[in-house]
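In case you want the letters, here they are:
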Amino acid sequence: MPWLSILMAVPVLGAVGVACLPKGSHKPAKQLALLVSLVVLGLTVAMAVQFSPNGQRFQFTETHSWIPAFGVNYGLGVDGIALVLIALSAVLVPIVILASWHDTDGPAPDGRDDAPAPKRSAKTYFALLLVLEAMMIGVFAATDIFLFYVFFEAMLIPMYFMIGSYGGVQRSYAAVKFLLYSLFGGLLMLVAVIALYVVAEKNTFMFPELIGVVQDPTTQKWLFAGFFIAFAVKAPLWPFHTWLPDAAAQAPAGAAVLLVGVLDKVGTYGMLRFCLELFPDASKFFTPLVIVLSVVGIIYGAIVAIGQTDMKRLIAYTSISHFGFIALGVFAMTQNAQAGATLYMVNHGFSTGALFLIAGFLIHRRGSAQIADYGGVQKVAPLLAGAFLIAGLSGLALPGLSSFVSEFMVLIGTYERYAVPAIIGALGVILAAIYILWMYQRMMNGPTADSVKGFTDLNGREKWVVAPLIAAIIALGFFPKPVLDVINPAVDKTLDSAQVLDKQPASTAAEKKGAGQ
């Protein structure tokens, strides 16, 4: 059964169905989009239960000739790393659709009094969401490098329109900045992909067939640079990060969740999948530089987050810090660090996704993203404040919540080989406590602001949005073993392909510290 093709076809067909609804069919568009996303989730679960972690590396494979003259194939397949990221996408999309139920209600904000604000179409927004879901699944499932590049670039289109048409007052600026940065990275990657094809002389773009083909050290370094910069922009890794705070702050809350929770993971996934395995010698050569950039990103993102006055920009800067942890784990090249980095990609999607969605609920009630405009929320909306606290504590890696396990594994795995960067990176945990708890104190504690006194607590729809994310945060904090059992064999094979001969064996450090591994 062509599971991966079906997983992409269903949301595309759903998007067509949504777009074909009669004009003004706002509620049916939302209902159909939610139904389609739940079908995709069900199919993903059905596929996942048939996956064998210790079986063949790439499973559910499909290969069909696409452009024979250049050896381009429609090649799909997943290992444990790709599978958990596809599952993350499938879980987040229906949650985002439900959370975005009223995001298209009313005109778009334009910040002007001299012209009417543009109207927004629910049909278009939810159709774009479904198209984006198909692209996200495709980019993680592609085993042909040219096909991966097509999905890598195609994801930009729906996200550009979601930010540019449905975002905040500065949505046009943020959308164009997002697009230009991404296109710059994508063009570098296209040059590297074509150069890889020419150097390989194998008339194929299939990833498994290109492992170990490039032997010349200088060539490896140039090709690595092309791929890595593209992925560093996508992640984003410091200093390629400046587009993210603007895009995340101006995007609708649901779009921000998918942008930071899934699309940005394509960057770190690409580093792990392509940079290490296609160019192992160059990866080792550039490892010190990448580790420095990662540590700087951890500290820089955390410090700048402390000074933010806009809650969505604060969450965006925390993600820059978290992506530093993920990149650090990838290039530490130990089993613990890479397994922790992969798990971190999943955990970050849940914790940061919850923060963005709850921030969206707050903005919908108050009409402002400024932290100073809130105060005493927990007295009038205790469930909302409690969910915000749990998501925030997961973001600062509190033991017992999901991010702790992955962050601990990254730091322990990095310390096995690079002790000083691990120690410096651990300072990010302290800084995380400052920016999360200070934000919570200003917004949720203290006297109740006059503008907050009329707040309602989470309604039924919002509870359905928040509950799965909080459940995942707690479950993966206490019992990450099912996910790690899928990730670990794939990480071992990645390290083997990257020619890491002195890799550390899988550690039970997390279990020893009570993390539940």
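Everything numeric here is computed off the predicted structure, so don't read it as measured data.

Thresholds applied
- Residues numbered from 1 in each chain as written.
- Predicted model: local features only at pLDDT ≥ 70, side-chain atom pairs only at ≥ 80, totals over all residues.
- Heavy atoms only, no water.
- Phe/Tyr/Trp six-rings, centres within 6.5 Å; stacked < 30°, edge-to-face > 60°.
- Helix = DSSP H or I, 4+ residues; strand = E, 2+ residues; numbered from the N terminus.
- Buried < 20%, exposed > 50% of the residue type's maximum accessible area, 1.4 Å probe, protein only.
- Lys NZ or Arg CZ within 6 Å of the ring centre and 35° of its normal.
- UniProt positions renumbered as here; feature names shortened; annotations may be inferred.
- Axes fitted to C-alpha atoms, helices over the stretch in contact; angles between N-to-C directions.
- Parallel < 35°, antiparallel > 145°, perpendicular 65-115°, else oblique.
- Left-handed = near helix turned anticlockwise from the far one by under 90°.
- Contact = heavy atoms within 4.5 Å.
- Nonpolar A, V, L, I, M, F, W, Y, C, P; charged D, E, K, R; others polar.

## Here we look at the packing of aromatic side chains
So, point 1. Tallied over the full model, the rule gives 27 aromatic pairs.
So, point 2. Between Phe-231 and Phe-274, the aromatic rings sit 6.3 Å apart at their centres with planes inclined by 20 degrees, giving stacked as the arrangement. Taken together, the residues Phe-231 in helix α9 (residues 217-234) and Phe-274 in helix α12 (residues 265-278) connect sequence positions 43 residues apart.
So, point 3. Given a relative accessible area of 2%, Phe-274 falls into the buried group.
So, point 4. Here Phe-285 and Phe-286 contribute two aromatic rings whose centre-to-centre distance is 5.0 Å and whose plane-to-plane angle is 90 degrees, an arrangement assigned as edge-to-face.
So, point 5. An aromatic cluster is defined as three or more aromatic residues linked by ring pairs; in this entry it consists of Phe-58, Phe-148, Phe-152, Phe-207, Phe-227, Phe-231, Phe-274 and Phe-279.
So, point 6. Between the NZ or CZ atom of Lys-221 and the centre of the ring of Phe-285, over which it lies, the distance is 3.9 Å.
So, point 7. The cationic tip of Lys-234 hangs over the ring face of Phe-152; the distance from NZ or CZ to the ring centre is 4.6 Å.

## A look at the UniProt feature "domain: NADH:quinone oxidoreductase/Mrp antiporter transmembrane" (unreviewed entry) in the protein chain
So, point 1. As recorded in UniProt, the feature "domain: NADH:quinone oxidoreductase/Mrp antiporter transmembrane" (unreviewed entry) lies at residues 142-421.
So, point 2. A distance of 33 Å separates the end C-alpha atoms of residues 142-421, which is 79% helix and 0% strand.

## Quick word on the packing of helix α7 (residues 171-200) against helix α10 (residues 243-250)
So, point 1. Axis separation between α7 and α10 bottoms out at 9 Å; the angle between their running directions is 135 degrees. Looking at the two axes, α7 sits oblique to α10. Considering the relative orientation of α7 and α10, their crossing is left-handed. Only Trp-243, Asp-246, Ala-247 and Gln-250 of α10 make contact with α7, whose side of the interface consists of Arg-171, Tyr-173, Ala-174, Lys-177, Phe-178 and Tyr-181.
So, point 2. Looking at the contact of α7 with α10, its residues break down into six nonpolar, one polar and three charged.

## Some details on the packing of α9 against helix α13 (residues 280-306)
So, point 1. The contact between α9 and α13 brings their axes to 8 Å, and the two run at 60 degrees. If you check the angle between α9 and α13, you find them oblique. Relative to α13, α9 is oriented so that their crossing is right-handed. Contacts from Gln-220, Lys-221, Phe-224 and Phe-228 in α9 reach Pro-280, Asp-281, Ala-282, Ser-283, Phe-285, Phe-286 and Val-290 in α13.
So, point 2. Grouping the constituent residues of the contact of α9 with α13 by class yields seven nonpolar, two polar and two charged.

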